[in-house]
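Notes for the structure review
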Amino acid sequence: PAALEFLSNFSNKGYWSVLFFVFVGTVLTIVVQSSSATMALTIIMCNNGWIPFDCACAMVLGENIGTTITANLAAMVANTEAKRAALAHLVFNLIGVVWMLIAFRLFLWMIVAIVEFFGSDSPITDPHARPVALSLFHTLFNIINTCLLVGFTSQIAQLVTRLIPQQAEEPKNRLAYIEGGMLSTTGLTIIPALNELVTYSTRSSKMFGFVRSLFEETDPQGFDATFQRIEKYEKISDNQESEIYNYLNKATQDEVGGDVVKQTQIMMKSISDIESMSDKNYKLAKILKYKRDNNISFNQDMREKINAMFDLIDRAIMVMNTNVSNAFDKNYGLPEEVHRIEDQINKMEDYLKGSYIFEIEDQKLNRIALVLFVELVNEAERLADSVKQVSKDILDIAPHTKPQLSHV
């Protein structure tokens, strides 16, 4: 109380007092991280007569600026869209405070007139009338500010987009369809999870595209940038696997049996297999990084054979994504294609590893290059196994109904 009462010493400086208390309201809200708590302090100061009505209203304006700090702090570790949303919150409130400071005296006169019209004493002279008048000021300011700025939404969006440019190939770090704590006791619980599964498998597929780019990349900076992107995707994949799995695990606890439980269990296995795809993509990237760091090169024949293996995996991934996207409609599944590609990949692996046995014995090729070649083939085959397993899992789903999936 003594500290708050001390602020009354700065309430008689004219318009400078207004600016000072805007600053005070901003700082207090940033420290407390609650505009409601700071508003309560402002009402106490008004009710005790420590500050006049105009300074209290100035504090309210500062609180509208300070309340944006929570969102901006949270967005510091979030993706680009979250940072833009938090900055838009700050820009929106800043613009409102600027125009309000220009029309400050006129707006105060309007608030006093409204309060007196309804039979209350003037908040200018009566401290006990200030809490209600202050609440009215806060409410009308936010309503009018919203009405004025809603027409400039696109301009604000363009501004924050310029201030925070999109990071290249930035993946989302949070789930798009599952909200924390949002669970149902019906079969609808698996619909958002299946949407996440589609997005999750697509992201792991994209990682393999990065691996292929890494295999062909000759520029050191481009190689490093792509490798870092794969690392980032792998970390996000680990986090999202845990989030989707926990959601499905809780959903299963609320179900008593039937198709929903079976479908949920299959999806839980699928997300584990998709996460394995991400791990294997990362291992392939690390093999390629070791190859580059140690200046090891493959001859043209080796490169062509690796690319042939990668082409088969690309085909398997395309089939997998088709199966995942149509998980609740077997008419659109590709079970025969899954087995056909699996057989091709197994034969390709045996051929690739066997084709260099005599070369190793005759020492016609660099032994380290051959070891890396075999490691790449082995890891690629393991990746193909994970891709194949996801397709097989999804094709085991026996739907009772066909939920409507979002387009992703």
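These remarks concern the structure in this document. Since the structure is predicted, the reported quantities are computational estimates derived from the model, not experimental observations.

**Looking at the environment of glutamate 217**
In this structure, glutamate 217 sits in the loop between helix 10 (190-216) and helix 11 (220-254). For the pair formed by glutamate 217 and arginine 292, sequence separation is 75 residues and the distance between their alpha carbons is 10.0 Å. Ignoring any residue separated from it by four or fewer positions in sequence, one finds glutamate 217 in contact with Gly222 and Phe223. Only 3.1 Å separates the side chain of glutamate 217 from the backbone nitrogen of aspartate 219, close enough to count as a polar contact.

**Brief notes about helix 4 (residues 53-66)**
Along its 14 residues, helix 4 runs 20 Å from first to last C-alpha, staying within 8% of the 20 Å computed at 1.5 Å per residue. When you tally the buried positions in helix 4, you get 14 out of 14 residues, the bulk of the element.

**A short note on the pattern of salt bridges**
Per the counting criterion, the structure on display carries 12 salt bridges. Arginine 303 is the salt-bridge partner of glutamate 216, the closest N and O atoms lying 3.3 Å from each other. Linking glutamate 216 in helix 10 with arginine 303 in helix 13 (residues 300-325), this pair joins segments that are 87 residues apart in sequence. With a relative accessible area of 41%, glutamate 216 lands in the partly exposed category. The closest approach of N and O atoms between aspartate 385 and lysine 388, which form a salt bridge, is 3.5 Å. In this pair, aspartate 385 and lysine 388 both sit in helix 16 (residues 367-395), 3 residues apart, roughly one turn of the helix. On the accessibility criterion, aspartate 385 (28% relative accessible area) is partly exposed. Look at the salt bridges and you will find they share partners, linking Asp224, Lys289, Arg292 and Asp293 into a network.

**Remarks on the packing of aromatic side chains**
Following the criterion strictly, the structure yields 9 aromatic pairs and no others. Centroid distance phenylalanine 107 to phenylalanine 137: 5.4 Å. Interplanar angle 80°. Geometry classified as edge-to-face. With a gap of 30 residues between them, phenylalanine 107 in helix 7 (residues 104-117) and phenylalanine 137 in helix 8 (residues 130-149) connect regions that are remote in the sequence. A centroid spacing of 6.1 Å and a plane angle of 35° characterise the contact between phenylalanine 227 and tyrosine 282, whose relative ring orientation is tilted.

**So, the packing of helix 7 against helix 8**
At a minimum axis separation of 10 Å, helix 7 and helix 8 run at an interaxial angle of 125°. Taken together, the axis directions place helix 7 and helix 8 in an arrangement best described as oblique. Seen from above, helix 7 lies across helix 8 with right-handed handedness. Taking contact as the criterion, the partners of Phe104, Phe107, Leu108, Met110, Ile111, Ile114 and Val115 in helix 7 are, on helix 8, Ala133, Leu136, Phe137, Leu140, Phe141 and Ile144. In terms of residue class, the contact of helix 7 with helix 8 is built from 13 nonpolar, no polar and no charged.

The rules behind the values
- Residues numbered from 1 in each chain as written.
- Predicted model: local features only at pLDDT ≥ 70, side-chain atom pairs only at ≥ 80, totals over all residues.
- Heavy atoms only, no water.
- Helix = DSSP H or I, 4+ residues; strand = E, 2+ residues; numbered from the N terminus.
- Contact = heavy atoms within 4.5 Å.
- Polar contact = N/O pair within 3.5 Å; in protein donor to acceptor, adjacent residues only side chain to side chain.
- Expected span 1.5 Å × (residues − 1).
- Buried < 20%, exposed > 50% of the residue type's maximum accessible area, 1.4 Å probe, protein only.
- Salt bridge = Lys/Arg side-chain N within 4 Å of Asp/Glu carboxyl O.
- Phe/Tyr/Trp six-rings, centres within 6.5 Å; stacked < 30°, edge-to-face > 60°.
- Axes fitted to C-alpha atoms, helices over the stretch in contact; angles between N-to-C directions.
- Parallel < 35°, antiparallel > 145°, perpendicular 65-115°, else oblique.
- Left-handed = near helix turned anticlockwise from the far one by under 90°.
- Nonpolar A, V, L, I, M, F, W, Y, C, P; charged D, E, K, R; others polar.

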